[in-house]
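Each chain is listed here by its residues.
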Amino acid sequence: MPKFKIHHVTRYNYETPVRDSANQILLFPIQDDFQQVLKQDLHITGEPMVDIYKDFYGNEVGSFMNAEPHLELVIDSKLEVITRGNHEPADDQPAEIQWAELHKIRSQFPYIDFLKQEQFSSLGEVTRIIGEMDLRSLTPYQTGKKLNDYIFTHFQYIKGITSVETTLEEVWNLKAGVCQDFAHLLLVMLRKIEIPARYVSGYVCPNKSGMRGEGATHAWVEAYIPFYGWLGFDPTNNCNVNGMHVRLAVGRSFSNCSPVKGTYKGTSSHTLEVGVSVSYEDGRTSEEPSAVLAAQPKNANGEQENSYRRYMEMIQQQQ
Amino acid sequence: MQTSELLNNYHVDSHTWDEMYLNESVREQYRGVVEFMQRLSIEELNKKEELAKGLFMSQGVTFTVYSSGEGIEKIFPFDIIPRIITATEWKFIEEGIKQRLKALNLFLKDVYNEQFIIQDGIVPAEMIYSCPHYLREMYRFPVPYDIYVHIAGIDLIRNYDGSFYILEDNLRTPSGVSYMLENREITKRLFPDLLPKNNVRAVTEYPNILHRNLVSLSPRRISKPTIVVLSPGIYNSAYFEHTTLARLMGVELVEGRDLVVDNHKVYMKTTAGLHQVDVIYRRVDDEFLDPLMFNGSSMLGVSGIMNAYRKGNVAIVNAIGNGVADDKAIYTYVPQMIRYYLNEEPILKNVPTFQLGHDEQREEVFANMHKMVIKKTNESGGYGMLMGHVASEREMELYKEQILINPRQFIAQPIISLSSSPCYMNGKLVPRRVDLRPYALCGPEGIEIVPGGLTRVALKEGSLVVNSSQGGGSKDTWVLAI
C-alpha cells in the first residue's frame with residue numbers, strides 16, 4: 001500500500017485588482033477501497049469559507065467566493081494519501097457474453113451517462129479505424145488495452161500545443177496533445193464500441209519509474225469491464241491504473257472534473273501557474289511545487305478580452 | 001349597419017367548437033355580452049377598438065419577436081371581445097391543472113432524488129438522461145419545501161366536441177401573465193359596467209399571491225425579506241412583463257450584473273452598499289443563470305448563485321432543472337405519472353403524441369405527415385414547428401432530414417382543430433381559433449390558480465398557431481362566478 005504526500009499549488013496573479021470572484025474546486029480525493037486520505041491541508045488566499053458537497057458523480061466539490069478586490073489567488077493543497085492496487089480482471093467469460101452484458105446495461109444508470117458520444121467531424125474516421133481493429137472478437141478488457149495502446153502509439157505527447165479550449169477535432173488532426181486530450185480520445189473510442197467510459201482527474205505518482213503527467217494534475221480514463229467494475233486506463237503512459245494514480249474526480253468529460261475553475265470581474269490580464277510535487281515513503285521527493293510552478297498555456301488566438309475567454313483561461317489544463 | 005347584423009354574419013365552422021355559438025344560438029355565458037353589444041352602434045364599437053389600441057401603445061404593452069433578424073418590439077394585438085369560461089368549466093380546469101401540477105412536481109423531486117419512477121419502469125431512463133434539460137447539477141439538491149414548480153403556465157385547447165386537452169406544460173419561466181392582467185385593465189376601461197354585471201371573477205390577486213409565496217420561501221425569518229425579479233434585460237421578449245411584475249409586487253427589478261455572491265450569500269449592489277437578497281424570481285434560463293456552473297460565457301447570470309442556493313441562503317423561483325418535466329417527449333408520460341404518484345385518473349386529457357425517437361411511431365408519422373403537427377421537444381413559443389396540413393412536400397422532406405439527425409428531439413401530434421371564439425376585426429365579427437393558458441402558483445400552502453388566464457388568438461383566418469411570436473393576439477379571459 002503505497003503512501004504519497006502530494007503538494008498541489010494553483011496560483012493566479014492579476015495585473016490590476018479583480019473582484020467578485022467565485023470558484024469551484026475538485027481537489028478532494030475520492031475515498032473508497034483503493035484510496036484513503038490520511039490528511040489534507042487546504043489553504044486559500046484570504047481563508048474564505050469553503051463549502052463542500054457531493055455532486056452527481058460522487059465527487060466532493062468545494063466552492064468559495066471573494067467579492068473584495070484582490071491581486072492574487074493561491075490554492076494550496078497538501079495531501080497524504082494511501083492507495084491500493086487492484087487485481088487485474090479475471091477476464092474469463094467468453095467475449096460475446098461480456099459484450100452482451102454491456103449491451104444490456106447501455107441504457108441503465110449510471111452507464112447511460114458514460115456512453116454519450118461527443119460529436120465531431122472526424123468521428124466517422126474514428127469509427128472506421130475501430131471497425132478495422134475487429135475488436136468484437138476481443139473481450140472488453142482486451143479492447144480497452146488495445147485502444148489505450150492505439151492512442152499512446154499514434155499520438156505524440158507534446159506540452160503546450162493544446163489548451164483547455166482545443167476541440168477533439170483539432171486534437172485528432174494534430175495527432176498530438178497532453179493527457180487531457182489523450183483521455184478524451186480514449187473516451188470517444190471506448191464509447192464508440194459501447195464500453196462505458198468516464199474521465200478521471202488526479203495525480204500520477206510513479207516515484208523513480210518516471211511517467212508523463214508528473215508536476216501537474218493528470219487525467220486518464222476508467223472503462224467499465226463486465227463482471228469486474230471500473231478499471232483505469234492511462235493512455236498517456238500506456239498502462240493500467242494500479243496504485244500509482246490518485247483520483248480526484250470522475251465525470252463524463254473534463255468539464256465535470258476541472259480541478260480548479262472560477263470567474264471574476266476585472267482585468268483580463270492574469271497569469272496562472274500550477275505545480276504538483278509528490279514525496280514518497282523512501283524519502284524521495286519530486287521537486288518542490290514552488291520550484292516547478294509552470295505557466296499554463298494561453299489560448300492560441302491571443303484575444304482574452306471577454307469574460308468567456310477569461311473563464312476558459314481560469315480553468316487549468318491537465319497534463 | 002346595425003350590430004345585430006354582425007351576429008347574423010357570424011358563421012361558425014361546423015367541425016369546430018365555438019365558444020359563443022351553439023346551433024345558431026348564443027350560449028348562456030355570452031348572452032350578457034351579446035345584449036350589451038347589440039345596444040352599441042358599429043361606430044361605438046370601432047371607437048372602443050381604437051381606444052384599446054391606443055391604451056396598449058401608451059402603456060407600452062409589448063413583446064419581442066426574435067425570428068425577424070433582430071429584436072423588434074411589437075404591440076401585442078388585443079381583441080375587444082372577451083373569451084368567457086363558465087363556473088363549471090373552470091372548476092373542471094382548475095381541478096385538472098392542480099392534479100397535473102402535483103404529479104409533475106413529484107416527478108421532478110423523484111427524478112432528481114430516488115428515481116422510483118425509473119426503477120419501476122414507468123418512464124425509461126433513456127428518456128430522462130437524453131433530455132438536455134435534465135441537469136445533473138440538481139441531483140440530490142435540497143429544494144425548499146420540495147417545490148420545484150412555483151409558477152406554471154399550462155396550455156389548454158378544446159377539440160371539436162368541446163373537451164379540453166392539455167397541449168403543453170410550461171414549468172420553466174412561463175410568460176404572458178402580465179398580458180392577462182393588462183387585458184383585464186383594458187376591459188375595465190372599455191366596458192366599465194360589463195364585468196360586475198356578468199359576475200366576472202377578478203384576476204388582480206395574482207401579484208399578491210405571487211408575492212406572498214415568494215415571501216414564504218425566504219430562508220431568513222425576517223419580516224421584510226428582500227425579493228428581486230431577475231431579468232435578462234431590455235432585449236428579452238418578456239421584459240415588459242418583468243417590469244410589470246416587479247412594479248405590481250413592489251420589489252426590485254435586477255439584472256445579473258446587479259448581484260454578487262459572497263460567502264455563499266447573494267447580495268444586491270445598491271447605492272448604500274451590498275444588500276442581502278432572500279428570494280429571486282428569475283426570468284433567466286437555467287443555462288445562463290450561473291456561469292460558474294453552467295454556460296461559462298453567460299453575461300446574464302451570477303457566478304456562484306447555485307452554491308448560495310444549495311446552501312439554502314437564497315430561494316430561486318422556479319427551481320432549476322424543471323425542463324425535464326415540460327419536455328414534449330416526457331409530456332407523453334404525464335397521465336402515467338398522475339396514476340403512479342397520485343393513484344388517480346387524469347382529469348385533463350393529453351393530446352395523443354408520437355415520439356419520433358421510437359422507430360415504429362416515426363414511420364407512422366412519416367406516412368401521415370400532412371395530418372400532423374411536429375414539434376421540437378424543448379423549444380417553445382411556436383419556434384421550429386411544422387404544420388403538416390399547410391406544409392409543402394419540400395418542407396416536409398427537409399423536416400424529415402432534420403428529424404433523422406436526432407429523432408429524440410421531436411414529437412408529433414394529430415392536428416387538433418382548436419375551438420373558435422368571436423373576434424371583432426375590421427368592422428366584422430369573425431371566428432378565430434383560441435387556446436387558454438391559466439397561471440398556477442404553488443407555495444408552501446398549496447396550489448392556487450387565479451380565475452382567468454391568457455387566451456391567445458390565431459388572428460389569421462383558419463390558422464391554428466396562436467403563439468404571439470407567430471402572429472397571434474390575445475383576449476381578456478373571463479371566468480364567471482356563477
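Residues numbered from 1 in each chain as written. Chains lettered and ligands numbered in written order. Predicted model: local features only at pLDDT ≥ 70, side-chain atom pairs only at ≥ 80, totals over all residues.

Caption draft 1: Main features of the overall build of chain A. If you tally the helices and strands in chain A, you get seven helices and 15 strands. Counting only residues that meet the buried cut, chain A has 44% of its 319 residues in that class. The long-range fraction of contacts in chain A, counting pairs at least 24 apart against all pairs at least 6 apart in sequence, stands at 73%. (Helix = DSSP H or I, 4+ residues; strand = E, 2+ residues; numbered from the N terminus. Buried ≥ 20, exposed ≤ 12 C-beta atoms within 10 Å, placed from the backbone. Contact = placed C-beta atoms within 7 Å.)

Caption draft 2: Highlighting the overall build of chain B. Helix and strand content of chain B: 16 helices and 25 strands. Rg of the C-alpha trace for chain B: 23 Å, near the compact-globule value of 23 Å for 482 residues, within the 12% margin. Seen through its principal axes, chain B has C-alpha atoms that stretch 70 × 60 × 45 Å. Sorting the 482 residues of chain B into buried and exposed places 46% on the buried side. Pairs at least 24 residues apart make up 70% of the contacts formed inside chain B by residues separated by at least 6 positions. (Rg over C-alpha atoms; globule rule 2.2 N^0.38 Å.)

Caption draft 3: Just the pairing of strand β10 (residues 229-234) of chain A, in detail. All names here are of chain A. Bridge count for strand β9 (residues 218-225) against β10 is five bridges, and the pairing is antiparallel. Considered in β10, the bridge of Y224 is made with W230. The hairpin turn running from β9 into β10, its antiparallel successor, is three residues long, and F227 in that turn takes a positive phi close to 60 degrees. Here β10 pairs with strand β11 (residues 239-240) via two bridges, running antiparallel. Within β11, the residue paired with D234 across the bridge is C239. In sequence, β10 turns back onto β11 through a hairpin of four residues, with N238 there showing a positive phi of about 50 degrees. (Pairing = 2+ DSSP bridges.)

Caption draft 4: Structural view of the nonpolar core. Residues L104, V266, I280, V317 and A440 of chain B are the most contacted members of the largest nonpolar core, which totals 134 residues. It is helix α4 (residues 87-111) of chain B that contributes the most residues to this core, 10 residues altogether. Filtering out sequence-adjacent residues up to four positions away, V317 of chain B remains in contact with H150, I151, L214, L217, V279, I280, Y281 and R282 of chain B. Y203, Y224, F233 and V274 of chain A belong to the second largest nonpolar core, which has 63 residues in total. (Core = buried A, V, L, I, M, F, W, Y, C linked by C-beta atoms within 7 Å.)

Caption draft 5: Geometry of the sheet that holds β10 of chain A. All names here are of chain A. Spatially, five strands are ordered β11-β10-β9-β8-β12 in an open sheet, and the strand pairing comes out antiparallel. Since the sheet does not close on itself, it has two edges, and those belong to β11 and β12 (245-251), each with one partner. Contacts from helix α5 (residues 179-192) reach β8 (197-204), β9 and β10 within the one sheet, and its direction differs from that of β9 by about 15 degrees. (Axes fitted to C-alpha atoms, helices over the stretch in contact; angles between N-to-C directions.)

Caption draft 6: Structural context of the pairing of β9 of chain A. By the criterion of burial, β9 of chain A is predominantly enclosed, with eight of the eight residues buried. Alternating positions in β9 of chain A separate into two faces, H218, W220, E222 and Y224 of chain A on one and A219, V221, A223 and I225 of chain A on the other, with burial throughout.

Caption draft 7: Here's a closer look at the domain arrangement of chain B. Along its sequence, chain B is organised into domain 1 (3-84 + 417-479), domain 2 (220-313) and domain 3 (352-414). Here the C-alpha centre of domain 3 of chain B lies 37 Å away from the C-alpha centre of domain 2 of chain B. (Domains from an automatic or database assignment.)

Caption draft 8: Broad picture of the interface of chain B and chain A. Across the boundary between the two partners, chain B contributes 21 residues, which contact 21 residues of chain A. Its residues assigned to classes, the side of chain B that touches chain A comprises nine nonpolar, seven polar and five charged. (Nonpolar A, V, L, I, M, F, W, Y, C, P; charged D, E, K, R; others polar.)

Caption draft 9: Region of interest: helix α3 (residues 42-59) of chain B. Its 18 residues place the ends of α3 of chain B 26 Å apart at the C-alpha level, agreeing with the 26 Å of an ideal helix rising 1.5 Å per residue. Taken from the residues just after α3 of chain B, G60 of chain B is the one with a positive phi, measuring 65 degrees. (Expected span 1.5 Å × (residues − 1).)

Caption draft 10: Structural context of the packing of helix α9 (residues 206-216) of chain B against helix α10 (residues 239-249) of chain B. Residue and element names in this part refer to chain B. Packing of α9 against α10 leaves a shortest axis separation of 9 Å and a crossing angle of 75 degrees. It follows that α9 is roughly perpendicular to α10 by the angle criterion. Contacts between α9 and α10 pair P207, L210 and H211 from the former with L245, L248 and M249 from the latter. (Parallel < 35°, antiparallel > 145°, perpendicular 65-115°, else oblique.)

Caption draft 11: Quick look at the confidence of the model for chain A. Chain-level statistics for chain A give a pLDDT mean of 89 and a share of 90% at 70 or above. Of all the helices and strands in chain A, helix α7 (residues 307-314) of chain A carries the lowest mean pLDDT, 57, while β9 of chain A carries the highest, 97. (pLDDT = per-residue confidence, 0-100.)

Caption draft 12: Broad picture of unusual backbone geometry. A cis amide bond links F109 of chain A with the next residue in sequence, P110 of chain A, at an omega value of 0 degrees. Following the sequence through the fold, P110 of chain A ends up in the loop between α1 (95-105) and α2 (123-132). A cis amide bond links V317 of chain B with the next residue in sequence, N318 of chain B, at an omega value of -15 degrees. Along the polypeptide, N318 of chain B turns up in the loop between β14 (315-317) and α13 (323-326). Positioned with a positive phi, N238 of chain A is a non-glycine residue whose angle comes to about 50 degrees. Tracing the backbone through its elements, the reader meets N238 of chain A in the loop between β10 and β11. We classify N238 of chain A as partly exposed; it has 16 C-beta atoms within 10 Å. Despite not being glycine, N426 of chain B has its phi angle at roughly 50 degrees, a positive value. When you line up the elements, N426 of chain B lands in the loop between β20 (420-425) and β21 (428-433).

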